[in-house]
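Residue-level structural notes
For reference, the chains in residue letters:
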Amino acid sequence: MTYSGTVRVGGPADVHELTDLMISKVAVGRMDNNAYLLRCRATGEQLLIDAAAEAGTLLRLIGEDGIASVVTTHRHPDHWQALAEVVAATGARTVAGRHDAEGIPVPTDVLVDDGDTVRVGQVSLTARHLTGHTPGSIALVYDDPHGAPHLFTGDCLFPGGVGNTHQDPEAFASLLHDVETKLFGPLPDETWVYPGHGGDTTLGAERPQLPEWRKRGW
């Protein structure tokens, strides 16, 4: 089946099969959060991005192979409601941005800074620190050697705009700056974007809208 990135709460996962990595996307919780299970095809090691809600759903997705780690993209509660239960069931190490870890009630084992590497098996992801939605949000970039990059943005970038900065002009300017310089700047239009809620997009689909986002201020 062709991957679309369209999922619904209570529905099946959608699986994006890459040469070295399998990405399973599922929607959970009353805020329709996305959680992503990454599996290294060479080693079978797995990593979960955002144990947002519905621990049972996430543990069924993870399966008997378990997970090595859970990355929490940022401190907002809708992105870690199932974290404690998933960690208790799997023994996974926890990973989060250094400046958001204090706002996550499950202790963080690995504090991540901008440019740090997060690994799942033989696959490397690069963390990008984005400030504005929260102080320590992180996005993860998988620079696929066999094709276009893949980008997990949490709540910092969506189809149609950056994340909510609650009408704070300073926070919006910071987030837009970081998204432009750390994501749109170095990455090509073909980069596939996996956000924290809703459908996927590409940087190429969003790039022409950057001037409008700046003008409207959100």
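Scroll up to find the structure this text is about.
Notes on the structure follow. Since the model is a prediction, treat every value here as computed from it, not as a measurement. (Residues numbered from 1 in each chain as written. Predicted model: local features only at pLDDT ≥ 70, side-chain atom pairs only at ≥ 80, totals over all residues. Heavy atoms only, no water.)

**A closer look at the overall build of the protein**
A tally of helices and strands in the protein yields 5 helices and 15 strands. Over its C-alpha atoms the protein spans a radius of gyration of 16 Å, differing by no more than 12% from the 17 Å that the globule rule assigns to 218 residues. Within the protein, the proportion of its 218 residues that are buried is 53%. Taking the average place of the 16 positive charges on the side chains of the protein and the average place of its 29 negative ones, the gap between the two points comes to 1 Å. (Helix = DSSP H or I, 4+ residues; strand = E, 2+ residues; numbered from the N terminus. Rg over C-alpha atoms; globule rule 2.2 N^0.38 Å. Buried < 20%, exposed > 50% of the residue type's maximum accessible area, 1.4 Å probe, protein only. Lys, Arg positive; Asp, Glu negative; His and termini not counted. Charge placed at Lys NZ, Arg CZ, Asp CG, Glu CD.)

**Remarks on the environment of Gly 196**
As for its placement among the helices and strands, Gly 196 is situated in the loop between β14 (192–195) and β15 (201–202). With near-sequence residues (within four places) excluded, Gly 196 lies in contact with Asp 32, Asn 33, Asn 34, His 79, Gly 154, Asp 155 and Phe 158. (Contact = heavy atoms within 4.5 Å.)

**Re the packing of aromatic side chains**
Tallied over the full model, the rule gives 7 aromatic pairs. Ring plane angle 70° and centroid distance 6.3 Å describe the contact between Phe 184 and Trp 213, whose orientation is recorded as edge-to-face. Highlighted residues: Phe 184 in helix α3 (residues 169–184) and Trp 213 in helix α5 (residues 210–216), separated in sequence by 29 residues. For Phe 184, a relative accessible area of 2% gives the class buried. Judged by its relative accessible area of 0%, Trp 213 falls in the buried class. Aromatic pair Trp 192 and Tyr 194: ring centres 6.4 Å apart, planes at 35°, arrangement tilted. Using a relative accessible area of 24% as the deciding quantity, one classes Trp 192 as partly exposed. Site record: aromatic cluster; members linked through ring pairs are Tyr 3, Tyr 36, Phe 152, Trp 192 and Tyr 194. Sitting above the plane of the Trp 218 ring, Arg 216 keeps its charged end 3.7 Å from the centroid. (Phe/Tyr/Trp six-rings, centres within 6.5 Å; stacked < 30°, edge-to-face > 60°. Lys NZ or Arg CZ within 6 Å of the ring centre and 35° of its normal.)

**Comments concerning helix α2 (residues 83–90)**
Along an α-helix, a turn takes 3.6 residues, which lines up residues three or four apart on a common side. Listed in full, the buried residues belonging to α2 are Leu 83, Val 86 and Val 87. Down the axis of α2, the buried side of the element spans an arc of 95°, and every buried residue falls inside it. Residues of α2 that are exposed and point more than 90 degrees away from the buried face comprise Glu 85, Ala 88 and Ala 89. Positive backbone phi, at 70°, marks Gly 91, one or two positions downstream of α2. (Arc of directions from axis to C-beta.)

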